[in-house]
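Survey of secondary and tertiary structure
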Amino acid sequence: MHDAAISRAREIASRVLMPSAGQNDKAARFSTEAVESLGEAGLLGLMLPLEVGGTGLGPRTFAGVIAMLAEADASVAMVYLMHVLATAAIASARASAAASVTPILREISAGRHLSTLAFSEAGSRSHFWAPVSRAQRNGNGVHISAKKSWVTSAGHVQSYVVSALSPEGNGPTDSTLYLLPAGTRGVSVAGPWDGLGLRANASAPITLDDCEVPSHFQLTDDGAGFTAMLNVVLPLFNLGTAAVALGLCRAALSATTSHLKTAKFEHLGQSLGESLPTLRAQLATMQIETDGLAARIDDLIEHLEKPRETTMLRVLGTKAAAGDLAISVTSTAMRVCGGAAFSKHLSIERLFRDAHAGAVMAPTGDVLREFIGKSLLGMSLF
Ligand SMILES: Cc1cc2nc3c(=O)[nH]c(=O)nc-3n(C[C@H](O)[C@H](O)[C@H](O)COP(=O)(O)OP(=O)(O)OC[C@H]3O[C@@H](n4cnc5c(N)ncnc54)[C@H](O)[C@@H]3O)c2cc1C
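Residues numbered from 1 in each chain as written. Predicted model: local features only at pLDDT ≥ 70, side-chain atom pairs only at ≥ 80, totals over all residues. Heavy atoms only, no water.

Across a sheet, strands are paired by hydrogen bonds formed along the backbone, either parallel or antiparallel in direction. As summarised here, the arrangement of the 3 strands in space is β1-β4-β5, forming an open sheet in which the pairing is mixed. Each of the sheet's edge strands pairs with one partner strand only, and the pair in question is β1 (115-118) and β5 (175-181). With strand direction ignored, the average angle separating the axes of adjacent strands in the sheet is 25 degrees. As judged from the 7 bridges shared by strand β4 (residues 159-165) and β5, these two strands associate in the antiparallel manner. Looking across to β5, one finds that A164 is bridged to T176. (Pairing = 2+ DSSP bridges. Helix = DSSP H or I, 4+ residues; strand = E, 2+ residues; numbered from the N terminus. Axes fitted to C-alpha atoms, helices over the stretch in contact; angles between N-to-C directions.)

For the ligand, the set of nearby residues contains 19 residues, the closest of which are S120, R125, S126, T364 and D366. Taking S120, its main chain carries an N or O atom lying 2.7 Å from an oxygen atom of the ligand. Contacts to the ligand include T152, whose backbone N or O atom sits 2.9 Å from an oxygen atom. Isolated, the ligand exposes 980 Å² of accessible area, and the fraction of that covered by the protein chains is 74%. Residue assignment for the shell around the ligand shows that the elements contributing at least two residues are β3 (141-151) and α11 (365-376). Residues that form the shell around the ligand fall into these classes: 11 nonpolar, 6 polar and 2 charged. (Near = heavy atom within 4 Å. Polar contact = N/O pair within 3.5 Å; in protein donor to acceptor, adjacent residues only side chain to side chain. Areas by Shrake-Rupley, 256 points an atom, 1.4 Å probe, with all protein chains shown as cover. Nonpolar A, V, L, I, M, F, W, Y, C, P; charged D, E, K, R; others polar.)

Once that is clear, we can look at the pattern of salt bridges. Taken as a whole and judged by the stated rule, the model has 15 salt bridges. Between E305 and R60 there is a salt bridge whose closest N-O contact spans 3.2 Å. Within this pair, whereas E305 is found in helix α8 (residues 277-305), its partner R60 is found in helix α3 (residues 59-72), the two being separated by 245 residues in sequence. For E305, a relative accessible area of 41% gives the class partly exposed. Of the residues examined, R60 reaches a relative accessible area of 33% and is grouped as partly exposed. With its nearest N and O atoms 3.1 Å apart, the salt bridge here joins D221 to R94. One end of the pair, D221, is in the loop between β7 (204-213) and α6 (225-262); the other, R94, is in the loop between α4 (74-91) and α5 (98-109), with 127 residues separating them in the sequence. In this structure D221 comes out as partly exposed when scored by relative accessible area, which is 44%. Among the residues examined, R94 registers a relative accessible area of 22% and is labelled partly exposed. Salt bridges linked by common partners bring D25, E349 and R353 together as one network. (Salt bridge = Lys/Arg side-chain N within 4 Å of Asp/Glu carboxyl O. Buried < 20%, exposed > 50% of the residue type's maximum accessible area, 1.4 Å probe, protein only.)

With that settled, the discussion passes to the pairing of β1. By the alternation rule, side chains of β1 split into S115 and L117 and T116 and A118, which are all buried. Of the strand pairs in this sheet, β1 and β4 are connected by 4 bridges, and their pairing is parallel. Its bridge partner being in β4, T116 is matched across the sheet by Y160.

Applying the stated rule across the entire model yields 7 aromatic pairs. Ring geometry for W129 versus F371: centroids 5.6 Å apart, planes at 55 degrees, classification tilted. In this pair, W129 is assigned in the loop between β1 and β2 (136-138) and F371 in helix α11, connecting sequence segments 242 residues apart. This pair shows no difference in class: W129 is buried, exactly as F371 is. (Phe/Tyr/Trp six-rings, centres within 6.5 Å; stacked < 30°, edge-to-face > 60°.)

For the pair α3 and α4, the least separation of the axes is 6 Å and the interaxial angle reads 155 degrees. By the angle between their axes, α3 is roughly antiparallel relative to α4. Residues F62, V65, I66, L69, A70 and A72 of α3 form the contact with α4, whose participating residues are A74, A77, Y80, L81 and V84. For the contact of α3 with α4, a count of residues per class yields 11 nonpolar, no polar and no charged. (Parallel < 35°, antiparallel > 145°, perpendicular 65-115°, else oblique. Contact = heavy atoms within 4.5 Å.)

We now examine the sheet that holds β2. Sheet architecture is open: 4 strands sit in the order β2-β3-β7-β6, paired in antiparallel fashion. Edge positions in the sheet fall to β2 and β6 (187-189), since each has one partner strand and no second. When strand polarity is set aside, the average angle formed by the axes of neighbouring strands in this sheet is 15 degrees. Inspection of the sheet shows β2 paired to β3 by 3 bridges, in the antiparallel sense. Bridge pairing in β3 places Q136 opposite H143.

This is the structure in structure tokens:
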């Protein structure tokens with residue numbers, strides 16, 4: 001099952017993603033073909049249980065698929081990542097929502113339903129664990145108004161998993177998660193997406209204007225959203241963003257290697273790579289950093305497969321390291337490939353721009369370091 005999923009991802013990456021990644025980046029165009037292909041290949045239900053038609057695979061396959069997609073087009077990999085996180089949140093819905101979410105999980109497994117997370121808010125910025133919007137009681141359900149500041153795949157999904165403070169919550173982390181079908185009255189995409197990187201993933205803001213959510217679409221108990229964010233979403237998000245970083249590093253390494261082999265100093269009768277030891281040394285550093293990241297990811301996967309005391313430290317540290325490594329490896333690639341990269345004749349400048357998203361996406365690299373430092377000193381994190 002694992003190998004089959006990886007080989008389907010590889011086939012989609014080379015047939016669908018690679019040929020259009022450059023154009024989609026330029027035009028900031030969301031690839032609906034990529035989502036269709038992932039759905040047809042059965043990859044949208046990758047981690048969902050067999051009973052709802054999913055393939056029941058674990059973090060190892062998830063990371064492998066993401067890295068494979070990211071090597072071809074990190075925007076699509078991020079769309080897929082946010083979808084898998086949303087499906088994990090939906091699949092762990094409380095018992096009273098199970099009957100309502102099961103048909104949605106079946107649609108996801110059948111490849112007909114894309115979802116995403118709408119956590120970050122304009123008011124609390126990268127502190128996604130502290131929404132400023134508050135759900136208001138409405139009979140058995142709630143009404144939600146919120147300004148969600150960045151939502152990957154905004155306007156292209158069938159549902160959003162949204163957070164809001166619980167109606168009677170006391171503290172800033174007393175949140176609840178809800179499932180919001182995209183067609184709900186009051187949901188609108190509030191602006192365009194024109195980012196520096198990951199330009200083809202439609203990470204636009206959305207507005208929720210008095211949206212009605214029935215109680216059967218309340219995914220967690222009141223106030224239990226925070227725990228679901230930390231236990232269900234965070235480990236997979238951090239693993240997935242690290243896998244995106246790995247895909248970017250691998251792509252940068254292979255594009256740089258190929259440039260060093262093919263670009264020539266005609267007056268010397270040598271390729272760049274044959275001619276300049278300094279470029280070979282930098283290429284070697286890129287390889288060492290990429291291998292180091294792959295090893296970190298394997299280590300995190302082992303920790304997630306067999307959780308132990310150090311698991312949360314690995315969850316936090318792997319994303320922090322991956323964000324920096326992706327920037328380092330793609331920056332080196334920019335320098336090694338010189339003018340050819342700078343003038344956008346190679347895909348490397350796209351990889352370089354895409355690589356800068358990882359450290360910014362919450363929990364940001366700074367916040368992760370803050371959490372790790374506090375936890376080593378026995379301080380409370382929130
Ligand atoms: C491409 C992309 C896609 C995204 N997709 C989604 C999505 O699908 N769903 C979603 O919910 N969100 C999404 N986000 C939002 C993302 O997770 C962050 O919330 C957002 O990028 C943070 O924005 P900000 O820079 O305004 O945060 P700010 O909080 O203003 O951060 C500014 C700076 O302050 C630092 N900082 C903040 N707090 C601390 C602290 N406590 N200690 C130390 N330093 C700190 C940060 O590291 C950063 O350098 C996406 C973001 C991007 C870039």
